[in-house]
Amino acid sequence: NTHYLSFNANMLANEMFLDSASLRSSIVSHAKTLGYEVASARSPIATVNVALTTDSATKTMPAGTAFSTTVDDTSYQFVTIADVTSTNNGGTVSFDSTKIYEGSFITTKYLVDTSDVEQRYLLGDNRADTSTLTVKVQNSASDTSVTTYTKATDITQLSSTSTVYYLQEVDGGRFEVYFGDGVISRGLSDGNIIILEYVVTNKTASNGASSFSAPSTIDGVSNITVTTVASAAGGAEPESLNSIKLQAPLDFASQGRAV
């Protein structure tokens, strides 16, 4: 019993400080108190030109349009993360310098219930790339008006009506989206529908992919040409514990200053 108590006291003391903490949950919590946002897994990003041969005046390439590639005999999917509309020029509708992200394009919806004190808005996979995250709030099931929220970066610039969201890593390496209280940024109301769109990635596995195949159709057009501008790069694992320990105090010390 004395041994157990001693081990518990030792762990408790270690986890109280960023330098000596060993549990990811403790290190992330310390980083949060310093205002540091831990980086999630990152999806490899490639740049392509997409050309549709059609007589239509305009065409839209929707978010989630999937392109395929193969790396080391393994197939991967790259997707767009936003709707893009382009006009016809000489019988071709071009989407130049389009960024595509490796992974699956996921949409998660939550119905807001303010009476549920334990309700959380989570990205459901610890491989989610938060840099691809789009947060929208629909007024209700009957009112389909949608407002796109941006990530808060400086609370001194916020008012009670600012449409921003906040992001933090929680248990299991997943990320949670949360919102203001109506004093510091706009709060949520019962019946609001939270729409989270993001990419769940295989991280580093498809770095270097350079040849991409188009989907069967884009906005009803099957005559599609894909040209690679830049090969896939940037895929990464979630930020390591050593990186958090190094970066968080430095980020806090700089306070966003250039010097």
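Before reading further, recall that the structure is shown in the block above.
These numbers come from a predicted model, not from an experiment. (Residues numbered from 1 in each chain as written. Predicted model: local features only at pLDDT ≥ 70, side-chain atom pairs only at ≥ 80, totals over all residues. Heavy atoms only, no water.)

Comments concerning the overall build of the protein chain
Stage number 1. The helix and strand tally for the protein chain stands at three helices and 14 strands.
Stage number 2. Taken along its principal axes, the extent of the C-alpha atoms in the protein chain is 80 × 50 × 45 Å.
Stage number 3. Expressed as a percentage of its 259 residues, the buried residues of the protein chain come to 35%.
Stage number 4. For the protein chain, the exposed surface amounts to about 13,900 Å²; the carbon and sulfur share of it is 49%. (Helix = DSSP H or I, 4+ residues; strand = E, 2+ residues; numbered from the N terminus. Buried < 20%, exposed > 50% of the residue type's maximum accessible area, 1.4 Å probe, protein only. Areas by Shrake-Rupley, 256 points an atom, 1.4 Å probe, with all protein chains shown as cover.)

Some points on the sheet that holds strand S3 (residues 66-71)
Stage number 1. Spatial ordering of the open sheet is given by S3-S4-S6-S1-S14, a layout of five strands whose pairing is antiparallel. In this open sheet, the two strands that pair with only one neighbour each are S3 and strand S14 (224-233). Strand-to-strand, the axes of this sheet are offset by a mean angle of 30 degrees, without reference to chain direction.
Stage number 2. Note that strand S1 (residues 45-53) and S14 share seven bridges and pair antiparallel. When the sheet's bridge partners are listed, Ile45 is paired in S14 with Ala233. (Pairing = 2+ DSSP bridges. Axes fitted to C-alpha atoms, helices over the stretch in contact; angles between N-to-C directions.)

Quick word on the environment of Pro238
Stage number 1. Here Pro238 lies in the loop between S14 and helix H3 (241-254).
Stage number 2. With residues near it in sequence (within four places) discarded, Pro238 still touches Arg24, Ala39, Ser40, Ala41 and Lys203. (Contact = heavy atoms within 4.5 Å.)

Focus: the packing of aromatic side chains
Stage number 1. Tallying each qualifying case throughout the model produces five aromatic pairs.
Stage number 2. When the ring of Tyr121 is compared with that of Phe179, the centres are 5.9 Å apart and the planes differ by 70 degrees; the resulting orientation is edge-to-face. Residue Tyr121 is found in strand S8 (residues 121-122), and its partner Phe179 is found in strand S12 (residues 175-179); the two are separated by 58 residues along the sequence.
Stage number 3. Take Tyr121: its relative accessible area is 9%, and that puts it in the buried class.
Stage number 4. Between the aromatic rings of Tyr149 and Phe179, the centroid separation amounts to 5.6 Å while the plane-to-plane angle is 85 degrees, which identifies the pairing as edge-to-face. (Phe/Tyr/Trp six-rings, centres within 6.5 Å; stacked < 30°, edge-to-face > 60°.)

Describing the sheet that holds strand S9 (residues 128-138)
Stage number 1. With mixed pairing, seven strands are arranged side by side in an open sheet as S7-S13-S9-S10-S11-S12-S8. At either end of the open sheet lies a strand with only one pairing partner, and these are strand S7 (104-111) and S8.

Focus: unusual backbone geometry
Stage number 1. A positive phi angle, close to 55 degrees, is found at Asp72, a residue other than glycine.
Stage number 2. For Asp72, the position within the fold is in the loop between S3 and strand S4 (74-79).
Stage number 3. Overall, Asp72 belongs to the exposed group, its relative accessible area being 71%.
Stage number 4. Non-glycine residue Asp73 carries a positive phi angle of around 65 degrees.
Stage number 5. Assignment of secondary structure puts Asp73 in the loop between S3 and S4.
Stage number 6. By relative accessible area, which is 78% here, Asp73 ends up exposed.

Some details on the pattern of salt bridges
Stage number 1. For the coordinates displayed, the defined rule picks out nine salt bridges.
Stage number 2. With its nearest N and O atoms 3.0 Å apart, the salt bridge here joins Lys151 to Glu37. Residue Lys151 is found in strand S10 (residues 146-151), and its partner Glu37 is found in the loop between helix H2 (24-33) and S1; the two are separated by 114 residues along the sequence.
Stage number 3. Residue Lys151 is classed as partly exposed on the basis of its relative accessible area, which comes to 32%.
Stage number 4. With relative accessibility at 34%, the residue Glu37 sits in the partly exposed group.
Stage number 5. The salt bridge involving Arg120 is made with Asp171; its shortest N-O contact spans 3.4 Å. (Salt bridge = Lys/Arg side-chain N within 4 Å of Asp/Glu carboxyl O.)

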